[in-house]
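Chains, contacts and geometry: an overview
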Amino acid sequence: WVLAARSERLRGAVARRATRRRVLAACAVLVAAHAADRVTYGLCYAAGHEPVLSAAEAYPVYFRSRLLSFARMLGIEAPRTEDGAPSLRASGSDEDAALAYPLHPLRRADGAPQPDILWLVAESLRSDMLDAEVMPRTLEFARGGRRFLRHYSSGNGTRMALFGMFYGLYGANWFPFLHASRGPVLVDALLDAGYEFDVRTSARFSFPEFDRTIWRRVPASRMHEGDPGLAGWQNDRRHVDALTAALRAPAGPRPEFRFLFFESPHAPYRYPADAEIRPDAAKRVNYVTMDTSDPAEVAAVRNRYVNACHHLDMQLGRIYDALAESGRLGRTLVIVTGDHGEEFMERGRWGHHSGFCDQQTRTPLVIRGPGIAPGEEASITSHLDLPATVLARIGVTNPPRDYSLGFDVLGGRRDAPAVAAGWDDLCLIDDGAKIVLPFRGGDRRADAITRGDDEPMTAAESRAARNARTPAIVSILRDLTRFTR
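Bear in mind that the values here come from a model prediction, so they are computed numbers and not experimental data.

1. Topic: the overall build of the protein
Of regular secondary structure, the protein possesses 15 helices and 14 strands. Taken over 485 residues, the protein has a buried fraction of 53%. Considering only contacts in the protein between residues 6 or more positions apart, those separated by 24 or more positions represent 74%. Carbon and sulfur atoms provide 54% of the accessible area of the protein, an area that totals close to 21500 Å².

Following this line, the structure appears as structure tokens:
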């Protein structure tokens, strides 16, 4: 209609074929149809109606609206199973979801150990925060276990990071697994082995949709969210209060799996006064007025992040004390890590979700537990390796390739590059290079190939790096569909 109004030729065509009123009516119908499509998909997403969600996958560049708050106002939520776990799919089976996961049923050795498992993950915790100034309690705790010095997240955002952490699969697989509402075999194996679950987050389980993926089979009564009226650090303290009380209580007859997701280091990096170790931190964060070209302003915000990470360490220290005082430390497998990192313009970007530099993708990893020799590991490891590492500790005898793309970090060395995922791309990471590989039609990035330390390459170096890694790239592309039909 706009073109018709501006072009004499089109205006004449419109005059011959239809009145202006009819043209406007046709436009109104198109707008209404588009709005109906948005609302339909959003409500189906909230209700977990699989046929619509699967059909949307067939359309390139389809915008997926999520109207969760609006749906809740209408009383629409995903159905739940008998044990209270949310079920994304309204009907069908795993076969309908086009997954082949795992490739073979898991096998556990007779009389396999069943250590308690305590899995502690912090939002936006980058690897260089684990030092004597910022996180002294965790650094001290790490000396009694294995510390991994070059550990990479499986994603530059929470969704892809935790998906890789619990499934051992590339982030590109998030979409089919979400639509199939398929939980990880790691959680399946622990539940089938009789573990008692207690899962906590200072955020929400529904955003990202971990209640429909990672924790799908966990009863709702065993899942505890943060209070949206409190700051992240306040929710962290509340959860740690409950967790330490449980650790100090007499142990039950079943092995325990406990998970806690901390929010303290999440932007805008709030913390209480007793956690401040950098007094020159910014008093507040305003992303509208912030001048990211001003080194002093960036440093002040980064100091605020440092203080928030120190508060995290204070809460972790309370957990370490409870483990030691209760006598549980010697029989508990403890994992401490971050979901992903956080950048403060070191490579020209802010926060996370925007690149694969070390600041956004490297996190600490500490594993401590029965039979684990203390020490440090300097080779590259990945969140993708954690499922195989944990399942080996409870006696699963399958090769990791039956259910993941990682390996047991306590039983060998990585023989393939690490892979991190963004929303639309993957990044191959090895000692010499990082190569970004779009998988959902993403744009070619200016920093698609860099050195392993994120320094830029010349055009000739980039070509040589890509050519040398062609077999690894082909292997990654093949593995994208390893567990799908």
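What follows picks up the thread again.
2. Things to note about the sheet that holds strand S4 (residues 223–224)
Sheets are built from strands that pair by backbone hydrogen bonding, the pairs being arranged parallel or antiparallel. Judged by pairing direction, the sheet is mixed, and its eight strands sit side by side in the order S4-S3-S5-S1-S6-S9-S2-S10 without closing on themselves. Every other strand in the sheet has two partners, leaving S4 and strand S10 (375–382) as the edge strands with one partner each. Where strand S3 (residues 196–201) meets S4, two bridges bridge the pair, whose relative direction is parallel. Note that in S4 the partner of Arg200 across the bridge is His224. Packed on one face of the sheet, helix H9 (residues 185–192) meets strand S1 (116–122), S3 and strand S5 (256–262) and runs near 140 degrees to S3. Across the sheet, helix H10 (residues 232–248) lies against S1, S3, S4 and S5, angled at about 160 degrees from S5, the strand it touches most.

3. Examining the environment of Leu191
Following the sequence through the fold, Leu191 ends up in helix H9. Ignoring anything within four residues of it in the chain, the contact list for Leu191 reads Phe197 and Arg217.

4. Concerning the environment of Ala189
For Ala189, the position within the fold is in helix H9. A relative accessible area of 9% means that Ala189 is categorised as buried. For the pair formed by Ala189 and Arg107, sequence separation is 82 residues and the distance between their alpha carbons is 9.3 Å. In contact with Ala189, not counting residues within four places along its chain, are Leu106, Leu391 and Ile394.

5. Digging into empty space enclosed by the protein
In total, this model carries two cavities of 30 Å³ or more according to the counting rule given. In terms of lining residues, the largest cavity is bounded by Asp116, Ile117, Leu118, Leu247, Glu256, Arg258, Leu323, Arg328 and Thr332. In terms of residue count, the dominant contributor to the lining of the largest cavity is S1 (three residues). Within the lining of the largest cavity, the residues separate by chemical class into four nonpolar, one polar and four charged. Roughly 30 Å³ of volume is contained in the second largest cavity. Every residue lining the second largest cavity is listed: Phe148, Glu377, Ser379, Thr381, Phe407, Val409, Gly412, Arg413 and Arg414. Per element, the largest residue contribution to the lining of the second largest cavity is three residues, and it comes from S10.

6. Here's the deal with the packing of aromatic side chains
Using the criterion set out here, one finds 21 aromatic pairs in the structure. Between Phe175 and Trp423, the ring centres sit 5.3 Å apart and the planes meet at 85 degrees, which makes this aromatic pair edge-to-face. With Phe175 in helix H8 (residues 174–180) and Trp423 in the loop between strand S11 (418–421) and strand S12 (425–429), this residue pair connects regions lying 248 residues apart in the sequence. For Phe175, a relative accessible area of 6% translates into the label buried. Residue classification places Trp423 among the partly exposed residues on the basis of a relative accessible area of 37%. One aromatic cluster in this structure is built from Tyr101, Phe163, Tyr167, Trp174, Phe177, Phe210 and Phe483. Looking at Arg159, its charged tip hangs above the ring of Phe207, at a distance of 5.8 Å from the centre. In this structure, Arg368 packs its charged tip against the face of Phe141, placed 4.7 Å from the ring centre.

7. Digging into the sheet that holds S12
The strand order across the open sheet formed by four strands is S11-S12-S13-S14, and the pairing between neighbours is antiparallel. Edge strands, defined here as strands with exactly one partner in the open sheet, are S11 and strand S14 (449–451). Neighbouring strand axes in the sheet, compared pairwise and without regard to direction, differ in orientation by 20 degrees on average. Bridge count for S11 against S12 is four bridges, and the pairing is antiparallel. Each bridged residue has a counterpart across the sheet, and for Ala420 the counterpart in S12 is Cys427.

8. A short note on the side chain of Thr389
Secondary-structure assignment places Thr389 in helix H13 (residues 386–393). Owing to a relative accessible area of 3%, Thr389 belongs among the buried residues under this scheme. Separated by 2.8 Å, the side chain of Thr389 and the backbone oxygen of Asp385 make a polar contact. Within polar-contact distance, the side chain of Thr389 engages the backbone nitrogen of Val409 at 3.0 Å.

Calculation rules
The numbers attached to residues start from 1 for each chain and follow its sequence in the written order. Totals for whole chains, interfaces and linings use all residues, but because this is a predicted model, local features are given only for residues with pLDDT of at least 70 and pairs of side-chain atoms are given and counted only at 80 or more. The side-chain numbers reported here are obtained from all heavy atoms of the structure, hydrogens and water having been left aside. Going along the chain from the N terminus, every DSSP run of H or I of four or more residues is numbered as a helix, and every run of E of two or more is numbered as a strand. When accessible area is computed with a 1.4 Å probe and restricted to protein chains, residues below 20% of their type maximum are described as buried, those above 50% as exposed, and intermediate ones as partly exposed. Whether two residues are in contact is decided by their heavy atoms: any pair within 4.5 Å suffices. Computed by Shrake-Rupley with a 1.4 Å probe, the accessible areas treat only the displayed protein chains as cover when residues are assessed. Each pair of strands is called paired provided DSSP finds at least two bridges between the two strands. Fitting a line to C-alpha atoms yields each axis, with helices limited to the stretch in contact; the angle taken between N-to-C directions then spans 0 to 180 degrees. Think of a 1 Å grid over just the protein atoms. A cavity is a set of points where a 1.4 Å probe fits yet cannot get out, a pocket is an open set with protein on both sides within 12 Å along at least five of seven lines, and lining residues have an atom within 4 Å of a point. Grid points are joined across faces, edges and corners, and a volume is the space filled by probe spheres set on the points. Amino acid classes used here: Ala, Val, Leu, Ile, Met, Phe, Trp, Tyr, Cys and Pro are nonpolar; Asp, Glu, Lys and Arg are charged; the rest, including Gly, are polar. Within 6.5 Å between ring centres, the rings of Phe, Tyr and Trp (the latter by its six-membered ring) count as paired, and their orientation is classed by plane angle as stacked under 30 degrees, edge-to-face over 60, tilted in between. In this scheme, the term charge over a ring applies when either NZ of a lysine or CZ of an arginine sits within 6 Å of the ring centre and within 35 degrees of the ring normal. Polar contact is the term for a pair of N or O atoms within 3.5 Å; when the atoms are in protein, one must be able to donate a hydrogen and the other to accept it, and sequence-neighboring residues count only if both atoms are side-chain atoms.

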